[in-house]
Amino acid sequence: MKIPVLLALLIATTLEVTGDAMIRKGIYDHAGVWRIALFLLGMALLTGYGTFLNLAPLEFGQVVGLYIATLFIVWQVVTYFT
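Residue numbering note: each chain is counted from 1, following its sequence as written. At least 70 in pLDDT is required for a residue's local features to be given in this predicted model, at least 80 for side-chain atom pairs to be given and counted, and no such filter applies to totals for whole chains, interfaces and linings, which use all residues. Water and hydrogen atoms play no part in the side-chain values, which are based on all heavy atoms of the structure.

Looking now at the overall build of the chain. When its secondary structure is counted, the chain shows three helices and zero strands. A run of H or I in DSSP counts as a helix once it spans at least four residues, and a run of E counts as a strand once it spans at least two, with each numbered from the N terminus. If you list the helices and strands of the chain from N to C, you get α-α-α. Across its three principal axes, the chain shows a C-alpha extent of roughly 40 × 25 × 15 Å. By definition in these notes, contact holds between two residues if any of their heavy atoms fall within 4.5 Å. Within the chain, counting contacts between residues at least 6 apart in sequence, those at least 24 apart form 71% of the total. Method for areas: the Shrake-Rupley scheme with a 1.4 Å probe, in which residue coverage is limited to the protein chains shown. Counting only carbon and sulfur atoms, one obtains 73% of the accessible surface of the chain, whose full area is about 5,500 Å².

The structure is reproduced here in structure tokens:
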């Protein structure tokens, strides 16, 4: 199954940024069971990030500029809401 490059990058960056946000929330804002749950959720999201990034139909070197631009925009949106 081929997915469009921009869609793969958008999904990958969203998973990367939200996974990072969950781990950061677990480290700084929670303890006990909530911390463990946020770590596990973050790990799952970061695994999805790696999967979707590698499913992109182009080599990473060909889309790195687009990836960085997409990452910046998604990071701003997620940071605003967390």
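Read on for the rest.
What follows is about the packing of aromatic side chains. For Phe, Tyr and Trp, rings pair up if their centres lie within 6.5 Å, where Trp contributes its six-membered ring, and each pair is then called stacked (planes under 30 degrees apart), edge-to-face (over 60) or tilted (otherwise). Under the defined criterion, the tally for this structure stands at one aromatic pair. Measuring from centroid to centroid gives 5.1 Å for Tyr 80 and Phe 81, while their planes differ by 90°, and the two rings are edge-to-face. Residue Phe 81 is classed as exposed on the basis of its relative accessible area, which comes to 66%. Exposure categories follow from relative accessible area, calculated using a 1.4 Å probe and restricted to protein chains: below 20% of the type maximum is buried, above 50% is exposed, and the middle band is partly exposed.

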